[in-house]
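Now for the letters of each chain:
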Amino acid sequence: MFVPTLGCSMKMTRMISSRARRARKVVSSIARVSLAEPVIVYSACVLLVGVVIVAIIYALVPSWRDDLLPGAFIEFIGMLFDVLIFGIIVAFFVRRLERRNDRQRQQEIIDDFKKWDTEEGKLRIAGAVRRMNRLGATKIDFSGITLSNFSFSDQDIENISGALFYAGDWGTGSRSEMRLEAVDFSFVDCRCVVFSKCNPLDVFGGTYVVALLKDCSFRYAKLVKAVFKGAHLEWTQEHPEDLWTWQDDADGLSHVQTHFPPFYNADLEGATFADANFKNADFRMAIGILDCDFTGAKGLENCLFDDEETKTAVLDKAKASKTVKAH
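Below or above, wherever it landed, is the structure these notes cover.

What counts and what doesn't
- Residues numbered from 1 in each chain as written.
- Predicted model: local features only at pLDDT ≥ 70, side-chain atom pairs only at ≥ 80, totals over all residues.
- Heavy atoms only, no water.
- Helix = DSSP H or I, 4+ residues; strand = E, 2+ residues; numbered from the N terminus.
- Buried < 20%, exposed > 50% of the residue type's maximum accessible area, 1.4 Å probe, protein only.
- Contact = heavy atoms within 4.5 Å.
- Areas by Shrake-Rupley, 256 points an atom, 1.4 Å probe, with all protein chains shown as cover.
- Expected span 1.5 Å × (residues − 1).
- Patch = residues over 30% accessible without salt bridge, like charges linked within 9 Å, V, L, I, M, F, W, Y side chains within 5 Å.
- Salt bridge = Lys/Arg side-chain N within 4 Å of Asp/Glu carboxyl O.
- Pairing = 2+ DSSP bridges.
- Phe/Tyr/Trp six-rings, centres within 6.5 Å; stacked < 30°, edge-to-face > 60°.
- Axes fitted to C-alpha atoms, helices over the stretch in contact; angles between N-to-C directions.
- Lys, Arg positive; Asp, Glu negative; His and termini not counted.
- Charge placed at Lys NZ, Arg CZ, Asp CG, Glu CD.
- Polar contact = N/O pair within 3.5 Å; in protein donor to acceptor, adjacent residues only side chain to side chain.

Things to note about the overall build of the protein
Piece 1. Helix and strand content of the protein: five helices and nine strands.
Piece 2. Along the protein, helices (α) and strands (β) appear in the sequence α-α-α-α-β-β-β-β-β-β-β-β-β-α when read from the amino end.
Piece 3. Within the protein, the fraction of its 327 residues that count as buried is 40%.
Piece 4. Long-range pairs, those at least 24 residues apart, make up 62% of the contacts in the protein with a sequence separation of at least 6.
Piece 5. Roughly 18100 Å² of accessible area belongs to the protein as shown, and the carbon and sulfur atoms make up 59% of that amount.

Quick look at the structure:
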């Protein structure tokens, strides 16, 4: 039976140490240039292979244990720390930096096309928003956008919570005005979205519109704590008084809903319509309408609500809030 000598054992130890050093260099270089996910996988594989090799040698060659393990254990611990630091921790921050840069690139695309209200511009914006969603970003800056005949849900965009459409800027180029016409936010998570932060021209008592939402739809949208302060919300056509009609079909007469208001089943809890201007607005079937802030809002008298009691409560609440604000 062959029994390895001390010289052979030391040679084996040096060889393992040399390979361990090379492994550390490989893992470190991978961590600096690769994405985090592959690096973590490679690091875990290196770690696992190292453990298996040492365990096999330890189990099959008992005579090597005294000479092999001290040096191999030290090198293995060093490699383990390299894998942990460079393969996981550093890679995590590298990936975060890459994701931030990716989000910035997508935001630049939106900035480039937000005033270009064409089919190509809409597709570019939709693609950028989807990519930002995949990167975990929903607080997208649409400041000063001009957009028409666009549906977020049809473009597979489900979440823009925290997004900004108009920040109340004036005289600052592309951010100075926002125009949304026939834009559909149905089924979209719009929590805390700032559609309009304020109307900076209100102090002059003018009627100039800086944040326009015309013929927009918010059916089943989550508008919790959304902000429409100082915005102009307008619908071209007057809404029918009755949402339901009787239809005669094969089974006889049936009561069918034929009109779905723009805020149908939209969650408006905590939404702000302060200082907003309304024209032909329809809040029927909206959720949490009495939890909204209508301070200083205009045109509420011509808005449609589920019943006169709700309408009266909204008007009284708006007047009371306006009085308190004046004092």
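Some points on helix 4 (residues 119-134)
Piece 1. In this model helix 4 runs 23 Å from its N-terminal to its C-terminal C-alpha over 16 residues, within 8% of the 22 Å that 1.5 Å per residue would give.
Piece 2. Along helix 4, the residues classified as buried are Gly121, Lys122, Ile125, Ala126, Gly127, Ala128, Val129 and Met132.
Piece 3. Where helix 4 ends, the next residue or the one after it, Gly136, has phi of about 85°, a positive value.

Comments concerning unusual backbone geometry
Piece 1. Although it is not a glycine, Asn149 adopts a positive phi angle of roughly 50°.
Piece 2. Take Asn149: it is sitting in strand 1 (residues 146-151).
Piece 3. Positive phi values are uncommon outside glycine, yet Asn280 reaches one of about 60°.
Piece 4. Looking at Asn280, the relative accessible area reads 17%, which means it is buried.

Describing a nonpolar patch on the surface
Piece 1. A grouping of Leu48, Val52, Ile56 and Leu60 is seen on the molecular surface, where their side chains present a nonpolar patch of about 390 Å² in accessible area.
Piece 2. Relative to the helices and strands, Leu48 is located in helix 2 (residues 36-60).
Piece 3. For Leu48, a relative accessible area of 54% translates into the label exposed.

A few points about the pairing of strand 2 (residues 178-184)
Piece 1. Pairing of strand 1 with strand 2 involves five bridges; the strand directions are parallel. If you follow Leu147 over to strand 2, its bridge partner there is Leu180.
Piece 2. Across four bridges, the pairing between strand 2 and strand 4 (residues 211-214) is parallel. Directly across from Glu181, in strand 4, lies its bridge partner Lys214.

Describing the packing of aromatic side chains
The way to describe two aromatic rings as a pair is by their centre distance and the angle between their planes.
Piece 1. The final tally for this structure, using the stated rule, is 27 aromatic pairs.
Piece 2. Here Phe228 and Phe273 contribute two aromatic rings whose centre-to-centre distance is 4.7 Å and whose plane-to-plane angle is 10°, an arrangement assigned as stacked. Within this pair, whereas Phe228 is found in strand 5 (residues 227-228), its partner Phe273 is found in the loop between strand 8 (252-257) and strand 9 (277-279), the two being separated by 45 residues in sequence.
Piece 3. On the accessibility criterion, Phe273 (0% relative accessible area) is buried.

What to know about the sheet that holds strand 1
Piece 1. Spatially, the five strands line up as an open sheet ordered 1-2-4-6-9, and their pairing is parallel. Taken across any chain shown, the strands that pair with only one partner, and hence form the sheet edges, are strand 1 and strand 9. Neighbour-to-neighbour, the strand axes of the sheet open up by a mean angle of 10°, direction not taken into account.

A look at the environment of Ile140
Piece 1. Tracing the backbone through its elements, the reader meets Ile140 in the loop between helix 4 and strand 1.
Piece 2. Between the alpha carbons of Ile140 and Gln107 there is a distance of 7.4 Å; along the sequence they are 33 residues apart.
Piece 3. Setting aside residues no more than four positions away along its own chain, Ile140 makes contact with Gln107, Ile110, Val129, Met132, Asn133, Ala163 and Leu164.

Here's the deal with the pattern of salt bridges
Piece 1. Taken as a whole and assessed by the stated rule, the structure comprises nine salt bridges.
Piece 2. Glu177 is the partner of Arg179 in a salt bridge, and the nearest nitrogen-oxygen pair spans 3.6 Å.
Piece 3. Taking the shortest distance from any N to any O, the salt bridge between Lys279 and Glu234 comes out at 4.0 Å. Linking Lys279 in strand 9 with Glu234 in strand 6 (residues 232-234), this pair joins segments that are 45 residues apart in sequence.
Piece 4. Bridged by salt links that share partners, the residues Asp117, Glu119 and Lys122 form one connected network.

Things to note about the environment of Leu253
Piece 1. On the secondary structure map, Leu253 appears in strand 8.
Piece 2. Relative accessible area serves as the criterion here: at 63%, Leu253 is assigned to the exposed category.
Piece 3. Once residues lying within four places of it in the same chain are set aside, the contact partners of Leu253 are Trp246, Gln247 and Asp248.

Focus: a negative patch on the surface
Piece 1. On the surface, a cluster of negative charge is made up of Asp306, Asp307, Glu308 and Glu309.
Piece 2. Within the secondary structure, Asp306 sits in the loop between strand 9 and helix 5 (308-326).

Details of the side chain of Arg284
Piece 1. When you line up the elements, Arg284 lands in the loop between strand 9 and helix 5.
Piece 2. When its relative accessible area of 7% is taken as the criterion, Arg284 is described as buried.
Piece 3. In terms of polar contacts, Arg284 uses its side chain to reach the backbone carbonyl oxygen of Pro240, at 2.6 Å.
Piece 4. At a separation of 2.8 Å, a polar atom in the side chain of Arg284 contacts the side chain of Asp282.

Keep in mind these numbers describe shape, not what the thing actually does.
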